[in-house]
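Below, each chain spelled out in residue letters.
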Amino acid sequence: MIFGAPDPENQAMRPNQRVQKVSLSTTLALDARAKELASQGRDVINMAVGEPDFNAPEAVQSAAVAAVRGGKVRYTPAEGTASLRKAIAQHLTDTHGVAFTPAEVTVCHSAKHALSGACLTLIEPGDEVLVLLPAWVSYVEIIRFAGGVPVEVPPRADLGPDLARLAAAVTKKTKGILINSPCNPSGYVMTAAEVRALSELAEQHDLWIVSDEIYRRLVYEGEPNASPVQVSERIRARTVIIDGASKAFAMTGYRIGFCAGPKDVVAGVAKLHSQLTGCPNLVSQQAYEAALLSEPREVAEMCAQFDRRRRVIVAGLQKMGLETPWPRGAFYAFPRVQSFLDARGSGGFCEDLLEEQNLAVVPGNAFGVDDSIRLSYATSLETIERALERLAAFLARRRSPTKAGR
Ligand code: PMP
Ligand code: GLU
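From a predicted model like this one, the values you see are computed outputs, not experimental measurements.

Scoring rules and cut-offs
Residues numbered from 1 in each chain as written. Chains lettered and ligands numbered in written order. Predicted model: local features only at pLDDT ≥ 70, side-chain atom pairs only at ≥ 80, totals over all residues. Heavy atoms only, no water. Helix = DSSP H or I, 4+ residues; strand = E, 2+ residues; numbered from the N terminus. Expected span 1.5 Å × (residues − 1). Buried < 20%, exposed > 50% of the residue type's maximum accessible area, 1.4 Å probe, protein only. Contact = heavy atoms within 4.5 Å. Near = heavy atom within 4 Å. Polar contact = N/O pair within 3.5 Å; in protein donor to acceptor, adjacent residues only side chain to side chain. Areas by Shrake-Rupley, 256 points an atom, 1.4 Å probe, with all protein chains shown as cover. Nonpolar A, V, L, I, M, F, W, Y, C, P; charged D, E, K, R; others polar. Phe/Tyr/Trp six-rings, centres within 6.5 Å; stacked < 30°, edge-to-face > 60°. Lys NZ or Arg CZ within 6 Å of the ring centre and 35° of its normal. Pairing = 2+ DSSP bridges.

**What to know about helix α12 (residues 297-319)**
Three or four residues apart is the spacing at which side chains of an α-helix point the same way, because the helix has 3.6 residues per turn.
1) Next: The terminal C-alpha atoms of α12 lie 34 Å apart, and with 23 residues this matches the ideal 33 Å at 1.5 Å per residue to within 8%.
2) Next: Buried within α12 are the following residues: V299, M302, C303, F306, D307, R309, R310, I313, V314, G316 and L317.
3) Next: Where α12 is buried, its residues contact β9 (332-333), β12 (373-376) and α14 (381-399).
4) Next: A positive backbone phi angle near 90 degrees is found at G321, which sits one or two residues after α12.

Given below as structure tokens:
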């Protein structure tokens, strides 16, 4: 673990209460644990972290090298370079069919940084923010750290948004809704009708919407990903889009993303970041710009590979008898394992799976849904096949506990 118990000898240097209350990102902690075990010589299969296993496209790599070699890697404006903001605005205009200007874009170090910037800019202490379960690990923590109160709304059986429950969760203190389609961890892609209904609810109660669209390009059933900004000008005026290069262009380590929305809000994020982080890394800004301007062919190939892997993994899980909602986007499968859980829930299940079968996956409780586990299929087909064998062996031992000596 990165953080142990505070040193009792050194009270003065304890992290403050707000930081003590933050839990370490489960996905990143599990990824680190799997890598640590692998470095000790264990044959670990790591399906814990969600990051493409592809290299960034050639155009991205060349632009990064050229930026470094060009020598002028200096500070940029806090909101990002004018040329990248222009490229992002143009890209949003083209993909969403709604005109964006550079003034409506702030470049950030990552989508996570854009999300935390937007939450810190929008949330007043005590504001309630609706979060649709299952929800990516960082949402609840970021909202709390920003002083808000996350209100978790359970999903329908197919893991889509339960609009009746969402409406029932609105109170006088509700200030916003955080949505994520395609969803990490379920792969659920909201329909245009769901996005419209949810947006209308936001309008009716005067709520802002933060729309995390980081998996927007990774959809496999031919339908484009719907965004609240497409519903109407009025909805667009209350929506902040979060996106970045990590998933779409296999650029996780470059750490680059953006938020786009009403000028006051994105300018607020830039002002905040001017004090907290200065400006986004220029090498990554130039690499991201190259990706957006060139639309590299490698991206389509990456999507096709994810689609193939998706079919293999879901079929394998279903063959084991695990009910697995069909993921139409992102690169995760989220099967139900409730009949295999003991009192330690999905956390205990994943610990045992790692211990007994050297297979790292993420417990559903990290996403607010304890009956499931998340497997990232951003890994080779051959690895997926081996992982499925290990999971099947693990479940077989759980089905007949005497064999396992439990
Ligand atoms: N949102 C979601 C739903 C994610 O899965 C991730 C994954 N890291 C992020 C945001 C953040 O992406 P990044 O910080 O790498 O840009
Ligand atoms: N978003 C990825 C995941 O869910 C990367 C890890 C993280 O940032 O939490 O695995």
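**Considering the site of ligand 1**
1) Next: In the vicinity of ligand 1 there are 13 residues, among which A111, N184, D212, Y215 and S246 approach most closely.
2) Next: Note that a nitrogen atom of ligand 1 is positioned 2.6 Å from one of the side-chain N or O atoms of D212.
3) Next: With respect to ligand 1, the side chain of R255 contributes an N or O atom lying 2.8 Å from an oxygen atom.
4) Next: Coverage of ligand 1 by the protein chains reaches 93% of its 390 Å² of free accessible surface.
5) Next: Considered class by class, the residues forming the shell around ligand 1 number five nonpolar, four polar and four charged.

**Side note on the packing of aromatic side chains**
1) Next: Evaluated as defined, the whole model comprises nine aromatic pairs.
2) Next: For the pair W136 and Y139, a centre-to-centre distance of 5.5 Å together with 85 degrees between the ring planes defines the contact as edge-to-face.
3) Next: The class for Y139 is buried, based on a relative accessible area of 2%.
4) Next: A ring pair is formed by F249 and Y288, whose centres lie 6.3 Å apart and whose planes are at 65 degrees; its orientation type is edge-to-face. One end of the pair, F249, is in the loop between β7 (239-244) and β8 (257-260); the other, Y288, is in helix α11 (residues 282-294), with 39 residues separating them in the sequence. Take F249 and Y288: they sit in the same class, and that class is buried.
5) Next: Counting every residue linked through ring pairs, the aromatic cluster contains F54, Y215, F306, F331 and Y332.
6) Next: Directly above the ring of F100 sits R236, whose terminal nitrogen or CZ lies 4.3 Å from the centroid.
7) Next: We note R328 situated over the ring of Y188; from NZ or CZ to the ring centre the distance is 5.5 Å.

**Quick word on the site of ligand 2**
1) Next: Taken together, the residues surrounding ligand 2 are S25, T27, L28, V49, G50, K112, W136, N184, K247, Y332 and R374.
2) Next: Between an oxygen atom of ligand 2 and a main-chain N or O atom of G50, the distance comes to 2.7 Å.
3) Next: The separation between a nitrogen atom of ligand 2 and a polar side-chain atom of K247 is 3.2 Å.
4) Next: Protein burial of ligand 2: of its 280 Å² of free accessible surface, 89% is covered by the chains.
5) Next: The residue inventory of the shell around ligand 2, partitioned by class, reads four nonpolar, four polar and three charged.

**Side note on the pairing of strand β2 (residues 105-108)**
1) Next: Burial along β2 is two-sided: the face carrying V105 and V107 and the face carrying T106 and C108 are both buried.
2) Next: Taken together, the four bridges between β2 and β8 define a ladder with antiparallel strand orientation. Across the sheet, the residue bridging to T106 is C259, located in β8.

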